[in-house]
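# Inside the fold
The primary structure of each chain is shown beneath.
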Amino acid sequence: RRTRRPKSPLAEVPGPESDHWLKGNFGRIFQDGWYYNLQLAEKYGGVVKVHALLGAEQLYVSDPLALHYVVVKEQHIYTETDMFIMANKLIFGDGLISTLGEQHKKQRKMLNPVFSLANMRDLLPIIQPIADKLSGIFLEQIPDGDSKEINVLPWMSRGALEYICQAALGYSFNVLDPTRTSAYAEAIQKLAPSGLRLIFIRPFVPLFLCTIKSPSLRNQFAERFPLKAFQDMRSVVEALDKGSRRIFREKKTRMLNSGELRASWVEVEGSKRSGVPVQGKEEGERDLGDRMRGRDIMSIMLRANMSSEESERLSDEELLGQMSTIIFAGFETTSTAISRILYILASKPEVQAKLRSEIRKAKQRYANTQAGWEEVGIGYDELMAIPYLDAVVRETLRVYPPTSLLSRTCRQDTTLPLAYPITSSSGVTLTSVAVPAGTSVIMSLLAANHNKQVWGPDADEWRPERWLTESGERVMFSEGDGEEDGEGRVKYPGVYASMMTFLGGGRACIGFKFAEMEIKQVITTFLSRMHFSLPYETDSHGNKKSITWKMNGLQVPVVDPPFGDGVTAQVPLIVRRVKQEDFVA
Ligand code: HEM
């Protein structure tokens, strides 16, 4: 007798057929999936059923009310996947991206004020010289009166790493001089590529390693694991751990000596995780202690921790865990965003000229002089208040979110309400979807930022003017709470301009103000001195050199064949010094 297969609990949720028995729809979602992702939400609506590896069903969510439930209202139900937490624990220790529930809440409570506006204001003049130095490196390469093709991506990446290391640790790792970069900075740079090489075993190794409770046994197993990609990753993690412990110890010692910390604090010893002893300073590193005067994120965090109530204080291991976490989270995302803005400006000369003219006006006003404005380092409030710059940055982060997809696991049976009803697979209108415990949920930041019901019919278009009033003033947007606004639209619960790029709720990006400041500062410095255009090379068949931004979960810009291999991340732009004609009349 044939038994009927039990009906899937997500049977009524509309979605595409599986593309492949093994990969489900993931091949199309995660590999060059820009149009596929946008089309999924447009065709089926704000909650879609997709097929994951081996046919498992998952929800693909972009509806604003549903996302409000996932990241705010029921965030305790939708937690990070086990694999994400375990892998991060092994790599970073007990930092923000490796902890859940009360421990995570406690860490956020201590860390949120560290990223306050006042602290950002203080940090800006300290990190200003990095953009100056970076633009100097560009200018040195350009012959007088001429232009040069420069791959801006690795430079923006090095610049962003130097920015975050100086701001977070008060250390320079000489990242702008590739011949003298330190082992710690190199490890941070290698982390994402090493992780990618482990993509197929990644789900299993952390789960297995975390089941070995003894650190020494775990190390013995890890040392013998017969896979080169794994051993490379192990060296990277070891270098990170070694570097962060050493820097942490130096910082604490300095603060103890200056009386900023109480001597009763216990010194951090060799790594509990890797057993690696803490060693002295490495080649290529410079402690900027005197210049920073305790304004770096780590020092602020140590002071805040010391003055907290005993019950709210973080342990040394937790403080240590934040170091590489903040640096890793804050570097590739920001450099992708800056490279994308430069690319857009290179392809829209009229926007570039308008933006440069606004920057000139703001700098001249700030310095109260017409001459030498190019070199002026503008203050935090004035930088944030340049309307067209703000609109260009917001619109780029909306249309092209550096992180496009995030996963959560639903931990108990619940219901996801929808702001915009969808049509079920049997043709019924659904205003909510039942979500069984154990369901994986993909949050599509990309589809949310392109939702035509929220952003209007031109949502896919890059149009900075949408962030400006008719008279060119900034339109302020606050976080949405899943309710309709006065115009009948439901805003997203995002922390930044009600878009989802930096997420919302208790696990929103803690560094978004820092990222915004850095992006704006690099762009103003670069546009003041340089002009950018797209490569104009053509081959004998008339093919033009062109750049495609692939969407593989993260944004990856590549040069299309025959000029490039279509795989290696790069953004080659033609750069020259600014001329009089590069401004609007
Ligand atoms: C354009 C640049 C950036 C983008 C698009 C971005 C985006 C995000 C997103 C989407 C998340 C949520 C991840 C998740 O829940 O899985 C996140 C978390 C985080 N970001 Fe950013 N980020 C950027 C820059 C930065 C910077 C500059 C820093 C540090 C200064 C930073 C530090 C963090 C940290 C520590 C978290 C984890 C927060 C937590 O779990 O409580 N990010 N970011």
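Residues numbered from 1 in each chain as written. Predicted model: local features only at pLDDT ≥ 70, side-chain atom pairs only at ≥ 80, totals over all residues. Heavy atoms only, no water.

### Some words on the coordination of the iron atom of the ligand
For the record, the criterion: As a rule, N, O and S atoms within 2.8 Å of a metal are its donors, except that Na, K and Ca use 3.2 Å; water is not among the atoms, so sites may look incomplete. Going along the chain from the N terminus, every DSSP run of H or I of four or more residues is numbered as a helix, and every run of E of two or more is numbered as a strand.
The protein gives the iron atom of the ligand a lone donor atom, C509 (SG), placed 2.3 Å from the metal. By secondary structure assignment, the location of C509 is in the loop between helix 20 (452–455) and helix 21 (512–529).

### Points about the site of the ligand
Note the following rule: Nearness of a residue to a molecule or strand requires only that one of the residue's heavy atoms be within 4 Å of it. Any pair of nitrogen or oxygen atoms within 3.5 Å is treated as a polar contact; in protein, a donor-acceptor pairing is required on top of that, and neighbouring residues in sequence qualify only through side-chain atoms on both sides. Think of it as three bins: nonpolar holds Ala, Val, Leu, Ile, Met, Phe, Trp, Tyr, Cys and Pro, charged holds Asp, Glu, Lys and Arg, and polar takes everything else, Gly as well.
Near the ligand lie 27 residues; those nearest to it are H104, R108, G330, R408 and C509. Between an oxygen atom of the ligand and a side-chain N or O atom of R108, the distance comes to 2.8 Å. Within the side chain of R408, an N or O atom sits 2.8 Å from an oxygen atom of the ligand. Those elements that place two or more of their residues in the shell around the ligand are helix 5 (101–111), helix 14 (316–329), helix 15 (332–347), strand 7 (405–410) and helix 21. Split by residue class, the shell around the ligand holds 17 nonpolar, six polar and four charged.

### Describing a nonpolar patch on the surface
Here is the rule: Patch membership requires over 30% relative accessible area and the absence of a salt bridge. Like charges are linked within 9 Å, and nonpolar side chains (Val, Leu, Ile, Met, Phe, Trp, Tyr) within 5 Å. Accessibility throughout is a Shrake-Rupley quantity obtained with a 1.4 Å probe, and a residue counts as covered only by protein chains that appear here. For this analysis, a salt bridge means a side-chain nitrogen from Lys or Arg found within 4 Å of a carboxyl oxygen belonging to Asp or Glu. Relative accessible area decides the class of each residue, using a 1.4 Å probe on protein chains only: under 20% of the type maximum gives buried, over 50% gives exposed, and in between gives partly exposed.
Taken together, the side chains of W21, L22, L53 and L54 present a nonpolar region at the surface, about 490 Å² in accessible area. Here L22 is to be found in the segment before helix 1 (26–30). Look at L22 and you get partly exposed, because its relative accessible area is 35%.

### Details of the packing of helix 15 against helix 16 (residues 349–367)
Rule in force here: For helices, the fitted line uses only the C-alpha atoms of the stretch in contact; every axis is such a line through C-alpha atoms, and the angle between N-to-C directions lies from 0 to 180 degrees. To sort the angles, those under 35 degrees are grouped as roughly parallel, those over 145 as roughly antiparallel, those from 65 to 115 as roughly perpendicular, and the leftovers as oblique. Pairs of residues are marked as contacts when any of their non-hydrogen atoms sit within 4.5 Å.
For the pair helix 15 and helix 16, interaxial distance at closest approach is 5 Å and the crossing angle is 110°. Relative to helix 16, helix 15 is oriented roughly perpendicular. Judged by residue contacts, L345, A346 and S347 of helix 15 engage P349, V351, Q352 and L355 from helix 16. In terms of residue class, the contact of helix 15 with helix 16 is made up of five nonpolar, two polar and no charged.

### Digging into the environment of T501
Mapped onto the elements, T501 comes out in the loop between helix 20 and helix 21. Accessibility expressed as a relative area gives 10% for T501, which makes it buried. With 11 residues separating them in the primary sequence, T501 and F512 have C-alpha atoms 9.4 Å apart. T501 has contacts with L397, R398, P401, P402, L445 and N449, leaving out every residue within four places of it along the chain. Side chain to side chain, T501 and N449 meet in a polar contact 2.9 Å long.

### Comments concerning empty space enclosed by the protein
Put simply, the rule is: Only protein atoms enter the calculation, which uses a 1 Å grid: trapped sets of points that fit a 1.4 Å probe without letting it out are cavities, open sets showing protein on both sides within 12 Å along at least five of seven lines are pockets, and any residue with an atom within 4 Å of a point is a lining residue. Grid points are joined across faces, edges and corners, and a volume is the space filled by probe spheres set on the points.
If you walk through the whole model with that rule in mind, you get one cavity of 30 Å³ or more. If you add up the space inside the largest cavity, you get close to 40 Å³. If you go around the largest cavity, the residues you meet are Q128, K363, V376, G377, I378, Q521, T524 and T525. Considering each element in turn, the lining of the largest cavity owes the most residues, three residues, to helix 21. Split into classes, the residues belonging to the lining of the largest cavity amount to two nonpolar, five polar and one charged.

### Brief notes about the confidence of the model for the chain
Let me state the cut-off plainly: Confidence scores labelled pLDDT are given residue by residue by the predictor and lie between 0 and 100.
When the pLDDT values of the chain are averaged, the result is 87; 89% of them are 70 or greater. Here residues 266–279 is a poorly scored stretch, pLDDT under 50, and it has 46 contacts once near neighbours within four places are set aside; other chains count.

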